[in-house]
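# Structural features, examined
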Amino acid sequence: MELRMTAKHAQWPRENDPIFAIAGRAKEAQDKFGKDKVIDATIGALVDDEGALICMESVYGVLKNLPNAKIAAYAALAGQPDFLKDVEKACFREFRPDAHIRTVATPGGTGAVKHAVWGYTNPGDKILVSDWFWSAYSTIAGDVGRSLTHHRLFNEKGGFNIESFKESFDALADEQGRVLTIINSPAQNPTGYSLSDEEWDQVLEVMKAKAQDSEKRLILFVDTAYIDFAGEGMERRAFFRKFSGLPENILVIVGYSMSKGYTMYGLRSGAAIGISSNEDVAEDFYYACLHAGRANWSNGTRCAMEVMSEIENDPAKLEVYSKELLKYKNMLRARAAAFVKASAEVGLEILPYRDGFFTSIPHENPKAVVEKLTEYNIFAVPLKMGVRFAVCAVSEENCAKAPVIIKKAIDELK
Ligand SMILES: Cc1ncc(COP(=O)(O)O)c(C=O)c1O
């Protein structure tokens, strides 16, 4: 019997993150066969065609010019006052909802998820997410004695499955009296799906119908971690306007992240933005997050907040940043388009892709596919219902090449 000192709630299987395990094998293959012989589609960050991490000059130029005190100092518990205004601007752009809005800085989008899970569910509650989902939701929920329940993400036409969402949402609202649902859009991880504006209307219709019972507490968490890489212009933000004038017992929380849009993954910065038609609900959100933040991580990363504010408040810097972001967004779109096109040409089934870092290939035995692919020096991530291929980490040339090999590998498993 192994000796454990941990309390019951802290005892988890002794396993490492499976993504890091497969990423480690990709690295070994690169060392053995050479970088150009290996396609590493495991990484969840934007890398250049040579496999080096992209770090935006317009961001790191600002960071490196900050006075030491603005790097070293604590941030205010809620986040620097300027940052709180600026992050709302960066998130909503011209689509700010007409509502009471309160914002708290968090260590990345992860911190915002944690606030929603902790502050808006009771012990033992279930949280509604789609069947294709970011696995950290499950970790965060499980850590505090909550769990996930799922609706189907796609209908047979490859659109958002509103029937399945409604069925699960209504059942959970009746069972628990409150529902926290997380929708990761635009640019979902792992599928690359983005809800259309009409699909957002349908989601809100379902929520509004349930909200007629004023006893219900309905919380929509919108995970926008990849929003800065979605769409051609700002059109993927238009749905934010729909969060104006919602019933008082619906709270929307937007989780914003600086990790991808500013290539600041390790600097741990983002925000939880609460949106309500009732000012009291918005204030309640703010103070709940403030308290939980103090209890968990105290305050956020000061220099990341300063970088956001400097860029937002200097038109020249904002322009340089926006141009650089657009350059990388276009690079990502070209890679994804190459992957989608090549998949269609060879008849490889992939999930509907719209935006973002990842595409997914549905399969009943993802681990076997991933193993088979390693024989061809392609490394991808096994999920519960398929395989995730990170277009953010693979050159356009290799994105065009990979589908035929993936198709071959899958056929060989038959
Ligand atoms: C779906 C999704 N949400 C949120 C995040 C949050 O990332 P961070 O905490 O680095 O902002 C990630 C990062 O991988 C993600 O994939």
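Residues numbered from 1 in each chain as written. Predicted model: local features only at pLDDT ≥ 70, side-chain atom pairs only at ≥ 80, totals over all residues. Heavy atoms only, no water.

## Concerning the nonpolar core
Among the nonpolar cores identified, the biggest contains 135 residues, and Phe 243, Tyr 262 and Phe 389 are the most heavily contacted of them. Counting residues per element, this core draws most heavily on helix 11 (residues 315–346), at 8 residues. Looking at which domains feed residues into this core, each of domain 1 (8–56 + 318–412) and domain 2 (74–314) supplies at least three. When neighbours within four sequence positions are excluded, Phe 243 is seen to be in contact with Pro 97, Ala 99, Trp 200, Leu 204, Leu 220, Val 222, Val 252 and Ile 275. (Core = buried A, V, L, I, M, F, W, Y, C linked by side-chain atoms within 4.5 Å. Buried < 20%, exposed > 50% of the residue type's maximum accessible area, 1.4 Å probe, protein only. Helix = DSSP H or I, 4+ residues; strand = E, 2+ residues; numbered from the N terminus. Domains from an automatic or database assignment. Contact = heavy atoms within 4.5 Å.)

## Let's talk about the domain arrangement of the protein chain
The domains assigned to the protein chain are domain 1 (8–56 + 318–412) and domain 2 (74–314). Computed from C-alpha coordinates alone, the two centres of domain 1 and domain 2 are separated by 26 Å. Of the residues lining the interface, 32 residues belong to domain 1; the matching set on domain 2 comes to 32 residues. Together domain 1 and domain 2 conceal approximately 2700 Å² of surface at their shared face, both sides included; 60% is due to carbon and sulfur atoms. Its largest share of buried area at the contact with domain 2, domain 1 owes to Leu 318, Lys 329 and Asp 355, together 22% of the area lost on that side. As a salt-bridge pair, Asp 355 and Arg 236 come within 2.6 Å of each other at their nearest N and O atoms. Counting across the domain 1 and domain 2 interface gives 17 residue pairs in polar contact (both at pLDDT 80 or more). In terms of residue count, the dominant contributor to the side of domain 1 that touches domain 2 is helix 11 (8 residues). For the side of domain 1 that touches domain 2, a count of residues per class yields 21 nonpolar, 5 polar and 6 charged. (Buried area = accessible area lost by both parts, 1.4 Å probe. Salt bridge = Lys/Arg side-chain N within 4 Å of Asp/Glu carboxyl O. Polar contact = N/O pair within 3.5 Å; in protein donor to acceptor, adjacent residues only side chain to side chain. Nonpolar A, V, L, I, M, F, W, Y, C, P; charged D, E, K, R; others polar.)

## A word on the pairing of strand 2 (residues 100–106)
Buried residues dominate strand 2, accounting for 6 of its 7 residues. By the bridge criterion, 7 bridges tie strand 2 to strand 8 (residues 270–276) in an arrangement that is antiparallel. Bridging from a neighbouring strand, Thr 103 pairs with Ile 273 of strand 8. (Pairing = 2+ DSSP bridges.)

## As for the pairing of strand 12 (residues 386–390)
Among the 5 residues that make up strand 12, 5 are buried, leaving the element largely enclosed by the rest of the structure. In this sheet, strand 12 lies alongside strand 9 (residues 358–362) in antiparallel orientation, the contact comprising 5 bridges. Within strand 12, the residue paired with Ile 361 across the bridge is Val 387. Sheet topology places strand 11 (residues 381–382) next to strand 12; 2 bridges connect them, and they run antiparallel. Opposite Val 381, over in strand 12, you have Arg 388 as the bridge partner. With antiparallel pairing between neighbouring strands as the criterion, strand 11 and strand 12 make up a hairpin whose turn holds 3 residues.

## Concerning the site of the ligand
Taken together, 14 residues surround the ligand, and among them Gly 109, Thr 110, Asp 223, Ser 257 and Ser 259 come closest. In the model, an oxygen atom of the ligand is placed 2.4 Å from a nitrogen or oxygen of the Thr 110 side chain. The contact in question runs from an oxygen atom of the ligand to an N or O atom on the side chain of Lys 260, over 2.9 Å. Taken by itself the ligand offers 390 Å² of open surface, and the protein chains cover 91% of this. Examining the composition of the shell around the ligand, we find that 3 residues originate from one element, helix 5 (residues 108–120), more than from any other. (Near = heavy atom within 4 Å. Areas by Shrake-Rupley, 256 points an atom, 1.4 Å probe, with all protein chains shown as cover.)

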